[in-house]
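Chain by chain, the residues run as shown.
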Amino acid sequence: THESVLLPGSTMRTSVDSPRNMQLVRSRLLKGTSLRSTIIGVIPNTSDPTSDCDDLPNLHRIGTAALAVQVVGSNWPKAHYTLLVTGLCRFQILQLLKEKPYPIAEVQQLDRLEQFTNGHKSEEELGELSEQFYKYAVQLVEMLDMSVPAVAKLRRLLDNLPREALPDILTSIIRTTNQEKLQILDAVRLEERFKMTIPLLVRQIEGLKLLQKTRKSKQDDDKRIVAIRPNRRITHGSITEDEEEEEDHDDVVMLEKKIRTSSMSEQALKVCLKEIKRLKKMPQSMPEYALTRNYLELMVELPWNKSTKDRLEIRAARIVLDNDHYAMEKLKKRVLEYLAVRQLKNNLKGPILCFVGPPGVGKTSVGRSIAKTLGREFHRIALGGVCDQSDIRGHRRTYVGSMPGRIINGLKTVGVNNPVFLLDEVDKLAKSLQGDPAAALLEVLDPEQNHSFTDHYLNVAFDLSQVLFIATANTTATIPPALLDRMEVIQVPGYTQEEKIEIAHRHLIPKQLELHGLTPQQIQIPQVTTLGIITRYTREAGVRALDRKLGAICRAVAVKVAEGQHKEAKPDRAEVGEGEDCKEHITEDAKPESISDTADLSLPPEMPILIDFHALKDILGPPLYDMEVSERLSQPGVAVGLAWTPLGGEIMFVEASRMEGEGQLTLTGQLGDVMKESAHLAISWLRSNAKRYQLTNASGSFDLLDNTDIHLHFPAGAVTKDGPSAGVTIVTCLASLFSGRLVCSDVAMTGEITLRGLVLPVGGIKDKVLAAHRAGLKRIIIPQRNEKDLEEIAAHVRQELTFVLAACLDEVLNAAFDGGFAAKARLEHFNSKL
Ligand code: ADP
């Protein structure tokens, strides 16, 4: 065998797989019938076990005769036998008789012989040795746990067995290396054997003592492990485990202390203490252990009673708001009112503010400014696309992977109980099978209820009444009514071009410069350029795309500055002279040269890089939007309408054409039902008034649809359009088609129509007017009853536009066509001439 050394008196399990040994097992152990045939010689294989070749290895001089108690055969992982053998006595090989099929040798029994021959020789000496040995052995065994049956048995054996057998037996029990065992095996003389075993015993005793010292406070269970397996490796392992356990135990104690000292509500404290009691009893290998611990840690971390002190001073707040944001007067006024009331009356149960407006108009950044003025923490919770109510309220802890909702998570992040929470995009909450998150928000936002908001994960109430909630949305249309009811909507309209220029120069450009590590000395963006970016590279209500474009410009300039190359770049017109008038109509080739000449002469190399239209074109590419209105209106059958979308106002073209057919109306361009109805209304009204306006079809008949098909198209077909406000535009467009006259190129209109030709008011006037202004239109036709909405529009925009307030379609048509639209009286006069 090469696994270990069998000593007389001990039992060992050994596996046999070499062909030679297999043969031995097969022909001797399995076939033999007498007791003799079950006795084999077990000789330790001292040579290298891997070189197990056919040749019989050099046999160790001494072996142990063993009784094979059990033989188990197996075929996995390869054919082998497992033998259970009990050592009987030592033997010495005298002569090898046969090697094959298995070795047979003539042997001499050693142990007993020795006893007979040498036994009485040095009796006294031996007696002393054996006495000493016995003492150590007893000491060792007594250090072990007597309650374990095996140990008790060993203790009894110590007394009953002849002393001579003890060294062998104990050596095989205590932890020794094979080498040491081999030495014991070789120690044929009893005296020698005792002498060699004593140090081993002493070593084991010392080891145990050390162990017991380190783990005085250990539980009985642990002792048992050590006792049964006095194996250094294992006991060593158990030490580290114990340390860990102790550490964890400390942690739990710490946690408990934290819980007791934290200022959580009474209810929460009760729950936590119950949980910690459970935690203490739980083995930490249990998955629930980690869960409970996470829960308790969260509970401790939550800001139950921690808050920042409000430093609210309305005058300072006004300054902060004005500094951070240009324009948005109405919004700022309302926010200041809100803050003023808060200053007067602490613990305001006021409504939740909800800013509604197109993207990029600064809703989020106003929220941030409010937090700044109050000196509170700010946390943004993006709700766009959230469709699971447990996102708001958390999962119950019974779920796998459960977590608290975003509100509680946010509180944990900010670490105080009175932050400003910005609920971004509340209009984009979705519903799904996992429940309605909007309904969960109701509880959060209701000032009457949210002092006891219960997150499913926490399962105890948390007071949210100190939190200042602000919501933002692009449109109120998709906010569930119940939620909308709890909020005070403040409309944030888009900006005019002038406002955008101011915002760009006051806020966006300095911000972008800082972001790109540029200084105002390195780059100069004149206002005309900003206007150019606004009109030709962006078309939006807010300033986000403008911000991006400015970022792109800064990047390009940063490259130039970093390369120190802006001198070479001059021929590319990346920079031009100071104070240059950069109008579009600059002739392409004449100007740049002179500019670069002057630049070369008059400016030092580190002059600011000036961004003009040419540079714009280089950096941003060709303009994305053109002033296309007048071009498009060069044919009859086209009119400009104004539409409102969540992204702000937009101008919208309506095109119509007619062809021979059977009186069909075709509508294209992704229209909603309301829009289709408007188209039908428009046609009906025109048909019924055809005579009055002298409108005819292609063949000159007043029955407009006679032998005629009409096709109405609303370009930009990818966007679904709906709403009643296109009514007047469709009428104008068709009137132009049937009369063959052109609609004025600078007119835009909006308004709902009735079958009787009245014009009804519509919403979103401010956004629409701004869109028309952006697009460079001059005259705007709006319903008369929308007159009050004009007050909201900045004075300078109003001055640049002419508003026509129309109560009926006659007025609309009159205003839409140059020289007015042929009225009945004139037509009759005309007719009479014919
Ligand atoms: P929203 O939340 O409305 O979509 P943001 O608040 O994210 O828009 O605003 C986009 C960017 O525009 C921000 O960097 C903000 O600083 C800037 N901004 C918008 N409006 C103004 C303004 N009136 N004054 C200064 N910066 C503004």
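For clarity, every value in this text was computed on a predicted model and none was experimentally measured. (Residues numbered from 1 in each chain as written. Predicted model: local features only at pLDDT ≥ 70, side-chain atom pairs only at ≥ 80, totals over all residues. Heavy atoms only, no water.)

**Student:** Mind showing me how you'd approach the overall build of the protein chain here?
**Tutor:** Scanning the protein chain for helices and strands turns up 31 helices and 23 strands. Every one of the 834 residues in the protein chain was classed for burial, and the buried ones make up 46%. In the protein chain, 73% of the contacts between residues at least 6 apart in sequence involve partners at least 24 apart. When the accessible surface of the protein chain is totalled, it reaches about 42700 Å², and 51% of it is carbon and sulfur. (Helix = DSSP H or I, 4+ residues; strand = E, 2+ residues; numbered from the N terminus. Buried < 20%, exposed > 50% of the residue type's maximum accessible area, 1.4 Å probe, protein only. Contact = heavy atoms within 4.5 Å. Areas by Shrake-Rupley, 256 points an atom, 1.4 Å probe, with all protein chains shown as cover.)

**Student:** Is there a simple way to think about the nonpolar core in this case?
**Tutor:** The tendency in soluble globular proteins is for nonpolar side chains to be buried as a group. One finds Val 335, Leu 339, Phe 355, Ile 370, Ile 553 and Ile 611 to be the most contacted residues of the largest nonpolar core, which totals 51 residues. Two domains share this core, each providing at least three of its residues, namely domain 4 (314–491) and domain 5 (495–562 + 606–626). Judged by nonpolar contacts, the second largest core, of 49 residues, contains Val 386, Tyr 457, Leu 458 and Val 460. (Core = buried A, V, L, I, M, F, W, Y, C linked by side-chain atoms within 4.5 Å. Domains from an automatic or database assignment.)

**Student:** Is there a simple way to think about the environment of Ala 735 in this case?
**Tutor:** Inspection of the secondary structure assignment puts Ala 735 in helix H27 (residues 727–739). In the structure, Ala 735 is positioned 40 residues away from Leu 695 in sequence and 7.4 Å away in space, judged by C-alpha atoms. Sequence-distant contacts of Ala 735, defined by excluding residues within four places in its chain, comprise Leu 686, Leu 695, Gly 740, Leu 813, Phe 817 and Phe 821.

**Student:** Got a minute to help me understand unusual backbone geometry in this structure?
**Tutor:** Most peptide bonds take the trans configuration, and most residues that are not glycine carry a negative phi. Positive phi, close to 60 degrees, is recorded for Gln 694, a residue that is not glycine. With respect to the helices, strands and loops of the structure, Gln 694 is situated in the loop between helix H26 (690–693) and strand S18 (708–713). Positive phi outside glycine occurs at Asn 707, with the angle close to 55 degrees. With respect to the helices and strands, the residue Asn 707 is situated in the loop between H26 and S18. For Asn 707, a relative accessible area of 51% gives the class exposed.

**Student:** When you look at the pattern of salt bridges in this model, what are you seeing that I'm missing?
**Tutor:** Any two side chains of opposite charge can pair, given that their charged atoms come close. Taken as a whole and assessed by the stated rule, the structure comprises 26 salt bridges. Residue Asp 168 is joined to Arg 90 by a salt bridge in which the shortest nitrogen-to-oxygen separation is 2.9 Å. Of this pair, Asp 168 sits in helix H5 (residues 166–173) while Arg 90 sits in strand S4 (residues 80–98), and the two are 78 residues apart along the sequence. Exposure class is identical for Asp 168 and Arg 90. Each is buried. Salt bridges sharing common partners tie together Glu 275, Arg 278, Glu 288 and Arg 397. (Salt bridge = Lys/Arg side-chain N within 4 Å of Asp/Glu carboxyl O.)

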